[in-house]
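Survey of secondary and tertiary structure
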Amino acid sequence: MKRIIAAIMILVLAVTLSGCKEVPSFMPSYWDGLTKAGARAYIQNALRDKYGEEFVVKELAKRSGYYFTDLLADCSPSSDESLVFQVECWNFKNHDRELIDTYIQSIVGREMRNKAENVLSKYCENFAVEVYVYGLASDYDSKIQSADMATIENFTNALPDDNLSVVWIAFDENEIGDKYDETIKYIEEIVKDFGLSNCYIDCYFVSLDIVNQCNEKIMSCHSGYNYQITADMDTTLSSQRPIYRYVYTGGDCDLALNKILN
């Protein structure tokens, strides 16, 4: 028995150290019959086949339920590791797998943020802005399979009804004063470049310290795009009041304002 156990331990160690992508059927796998290295390679290969470029997996994790275990990852294109997006993989019978990701949404979100920054910088000295474009669901799949084609116009034209974005803007309350309503001029100029986007634009009027905190988080990804930064910014701003929420529904539609005070 000791020899059998020792042999199994040696086999486990060999599989782990060799970087094998699959494990023997009698051994537990990291995910769907794959070693952790194999799961990482599966994601990289699937993304390469889908988009025609190389990718790196930055973080790998699993999410388990009663009947399932999903593979989760944070990934970046090898050409721009400051752009971080989400990947989710599902496994079905006979190793039939499905991968969904937010690569295209992340590129579009970065373009939206850059356009918003260009407008706001003309009127404000201190501000922070971030954008999140949804998301990990088939409804948000634009079928765009090239980074070169991932523009606001192409993405929103592909999903005129189903695209959804959230824009967070933190204004320096001392710079704006009590002229909250004037910010609609900035927002109107921003959404002129948003095509058929459906988005919420949440404006916060906060201390300069909080504006700086938001910008520190944004700059931590070296002016790229990191979906995790949007969650951090939302957490930082969510308790701040007042909130001016503008709702934009694309095209020639007017902005609708929903002022939230408490």
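Further up the page is the structure itself.
Quick caveat, the model's predicted, so the values are computed rather than measured.

Per the counting criterion, the structure on display carries 11 salt bridges. Of the charged contacts, one joins Asp 32 and Arg 97 as a salt bridge, the two residues approaching to 2.5 Å between their closest N and O atoms. Of this pair, Asp 32 sits in the loop between α1 (2–18) and α2 (36–51) while Arg 97 sits in strand β4 (residues 97–101), and the two are 65 residues apart along the sequence. In this structure Asp 32 comes out as buried when scored by relative accessible area, which is 12%. Judged by relative accessible area, Arg 97 falls into the partly exposed class, the value being 24%. A salt bridge links Arg 48 to Asp 49; its shortest N-O distance comes to 3.9 Å. You can call Arg 48 partly exposed: its relative accessible area is 32%. One salt-bridge network, held together by shared partners, links Arg 63, Asp 70 and Glu 88.

Right, let's get into the side chain of Thr 230. Its place among the elements puts Thr 230 in helix α8 (residues 227–237). Every residue in contact with Thr 230, bar those within four places of it in the chain, is listed here: Glu 130, Val 131, Tyr 132, Trp 168 and Tyr 225.

Following both chains from N to C, one finds helix α7 (residues 208–219) and α8 inclined at 170°, their axes separated by 9 Å at the closest point. Considered as vectors, α7 and α8 are oriented roughly antiparallel to each other. Contacts between α7 and α8 pair Ile 210, Gln 213, Cys 214, Lys 217 and Ile 218 from the former with Ile 229, Asp 232, Met 233, Thr 236 and Leu 237 from the latter. Here the residues of the contact of α7 with α8 sort into 6 nonpolar, 2 polar and 2 charged.

Parameters at a glance
Going along each chain's sequence as written, the residues are numbered from 1 onward. Selection of residues for local features in this predicted model requires a pLDDT of at least 70, selection of side-chain atom pairs for listing and counting requires 80 or more, and totals for whole chains, interfaces and linings are taken over all residues. Side-chain measures were taken over the full set of non-hydrogen atoms in the model, leaving aside hydrogen atoms and water. Salt bridge, as used here, is a side-chain nitrogen of Lys or Arg placed within 4 Å of a carboxyl oxygen of Asp or Glu. For the purposes of this entry, the term helix denotes a DSSP run of H or I that reaches at least four residues, the term strand denotes a run of E that reaches at least two, and both are numbered from the N terminus. Burial classes: relative accessible area under 20% of the type maximum marks a residue as buried, over 50% as exposed, and values in between as partly exposed (1.4 Å probe, protein chains only). The contact rule is simple, with two residues in contact once any of their heavy atoms fall within 4.5 Å. A fitted line through C-alpha atoms represents every axis, and for helices the fit uses only the stretch in contact; the resulting angles, taken between N-to-C directions, go from 0 to 180 degrees. Any angle that falls under 35 degrees is termed roughly parallel, while one over 145 is termed roughly antiparallel, one within 65 to 115 roughly perpendicular, and all others oblique. The nonpolar class holds Ala, Val, Leu, Ile, Met, Phe, Trp, Tyr, Cys and Pro. Asp, Glu, Lys and Arg form the charged class, and all remaining residues, Gly among them, are polar.

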